Amino acid sequence: MNNHTEAHVDLLEAIVEALSLPLPSIEEADERLYHRLLERRALAVRIIVQVNRTVSRDPRMAADAIRTRTAEEPVTYTPFEPDEDGDGR
């Protein structure tokens with residue numbers, strides 16, 4: 001792979017990492033927090049990629065910005081953990 005291709009692969013990996021959240025517990029509050037976080041991260045990714053396309057066109061900068069933004073929006077809800085019966089209760 002050349003450097004240009006590697007930079008785009010890195011950008012795609014940053015996007016996948018930002019949008020790959022663990023499923024929430026079955027508690028309603030955790031589900032709400034999950035959906036809000038996913039919405040905020042998706043919006044941030046969309047804005048960063050759009051700005052990058054029109055301003056710098058450097059995928060490395062976009063990947064770094066996405067990772068920085070993702071670190072600022074950590075998972076704060078309780079992730080789903082199946083119990084012995086596998087139902088998460």
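Just so you know, these numbers come straight off a predicted model, no measurement behind them.

Draft legend 1. Looking closely at helix α3 (residues 59–72). With 14 residues, α3 should cover 20 Å at 1.5 Å per step; its first-to-last C-alpha distance of 20 Å lies within 8% of that length. Restricting attention to buried positions, one finds in α3 the residues Pro59, Ala62, Ala63, Ile66 and Thr70. Buried positions in α3, seen along its axis, are confined to an arc of 100° and lie on one side of it. Away from the buried face of α3 by more than 90 degrees, exposed residues Ala71 and Glu72 are located. Those residues of α3 that are buried are in contact with α1 (3–19) and α2 (28–54).

Draft legend 2. Inspection of the packing of α1 against α2 at higher detail. One can describe the packing of α1 onto α2 by two numbers: an axis separation of 9 Å at closest approach and a directional angle of 160°. When the axes of α1 and α2 are compared, the pair comes out roughly antiparallel. Like other packed secondary-structure pairs, α1 and α2 cross with a definite hand, here right-handed. Along its contact with α1, which presents Ile15, Glu17, Ala18 and Leu19, the element α2 presents Leu38, Arg41, Ala42, Val45 and Val49.

Calculation criteria
- Residues numbered from 1 in each chain as written.
- Predicted model: local features only at pLDDT ≥ 70, side-chain atom pairs only at ≥ 80, totals over all residues.
- Heavy atoms only, no water.
- Helix = DSSP H or I, 4+ residues; strand = E, 2+ residues; numbered from the N terminus.
- Expected span 1.5 Å × (residues − 1).
- Buried < 20%, exposed > 50% of the residue type's maximum accessible area, 1.4 Å probe, protein only.
- Arc of directions from axis to C-beta.
- Contact = heavy atoms within 4.5 Å.
- Axes fitted to C-alpha atoms, helices over the stretch in contact; angles between N-to-C directions.
- Parallel < 35°, antiparallel > 145°, perpendicular 65-115°, else oblique.
- Left-handed = near helix turned anticlockwise from the far one by under 90°.

In short, geometric facts, not functional conclusions.
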